[in-house]
Amino acid sequence: MMNNILKVYDEDLANGDLASASISGQKPVNVGMTSGALVVNVFAKGDVTLSNEVSISVKQGDTKDGGFKEAFTIVLEAGKSFKDGDLMASATISEKAKAYMVADVVSNEANSGGIRVTLGYLAR
């Protein structure tokens, strides 16, 4: 269990092609009442090359209908490469997080590959 990443499927905060200028979260995901047991994981979809920095803004809100404010930002530095399925970054969600989260990704056309911003479970 030490080196395993427990993934949550079909609940992506954002998912798309890094050659786009931006990727907006598809739908808000319920993260409430998890007592700090979740993380935001960023995975490579296909082989990824970052020619420019990528910024992932994770936002939270009380309802799934809107009013989201930034909770934290994950930055992927330029000049890095990842293989399909690699974990590119991870950040723990605070136990004080609001009920719903979504993510917006700012990228650049010079980047290649895709990104999947999703939830993961912390092993306890």
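Residues numbered from 1 in each chain as written. Predicted model: local features only at pLDDT ≥ 70, side-chain atom pairs only at ≥ 80, totals over all residues. Heavy atoms only, no water.

## With respect to the side chain of Gln60
- Residue placement: Gln60 occurs in strand 5 (residues 54–61).
- Since its relative accessible area comes to 18%, Gln60 is described here as buried.
- A distance of 2.9 Å separates a polar side-chain atom of Gln60 from the backbone nitrogen of Lys98.
- Once residues within four sequence positions are removed from consideration, Gln60 is found in contact with Gly67, Phe68, Lys69, Ala71, Ala97, Lys98, Tyr100 and Met101. (Helix = DSSP H or I, 4+ residues; strand = E, 2+ residues; numbered from the N terminus. Buried < 20%, exposed > 50% of the residue type's maximum accessible area, 1.4 Å probe, protein only. Polar contact = N/O pair within 3.5 Å; in protein donor to acceptor, adjacent residues only side chain to side chain. Contact = heavy atoms within 4.5 Å.)

## What to know about the confidence of the model for the protein
- Considering every residue of the protein, the mean pLDDT works out to 89; 91% of them sit at 70 or more.
- Within the protein, strand 7 (residues 80–82) carries the highest mean pLDDT (97), whereas strand 1 (residues 6–17) carries the lowest (80). (pLDDT = per-residue confidence, 0-100.)

## Let's talk about the nonpolar core
- Ile56, Leu76 and Val117 are the most contacted members of the largest nonpolar core, which has 29 residues in total.
- Elements with a minimum of two residues in this core: strand 1, strand 4 (38–50), strand 5, strand 6 (69–76), strand 8 (87–92), strand 9 (100–106) and strand 10 (112–121).
- Per-element tally for this core: the top contributor is strand 4, with six residues. (Core = buried A, V, L, I, M, F, W, Y, C linked by side-chain atoms within 4.5 Å.)

## A short note on the pairing of strand 4
- When strand 4 meets strand 10, the two strands line up antiparallel, connected through nine bridges. Within the sheet, the bridge partner assigned to Ala44 lies in strand 10 and is Ile115.
- Pairing geometry for strand 4 and strand 8, over five bridges, is antiparallel. Bridging from a neighbouring strand, Asn41 pairs with Ser90 of strand 8.
- Bridge analysis of strand 4 against strand 7 gives three bridges, and the strand direction is antiparallel. In the sheet register, Thr49 faces strand 7, and the bridge partner there is Ser81. (Pairing = 2+ DSSP bridges.)

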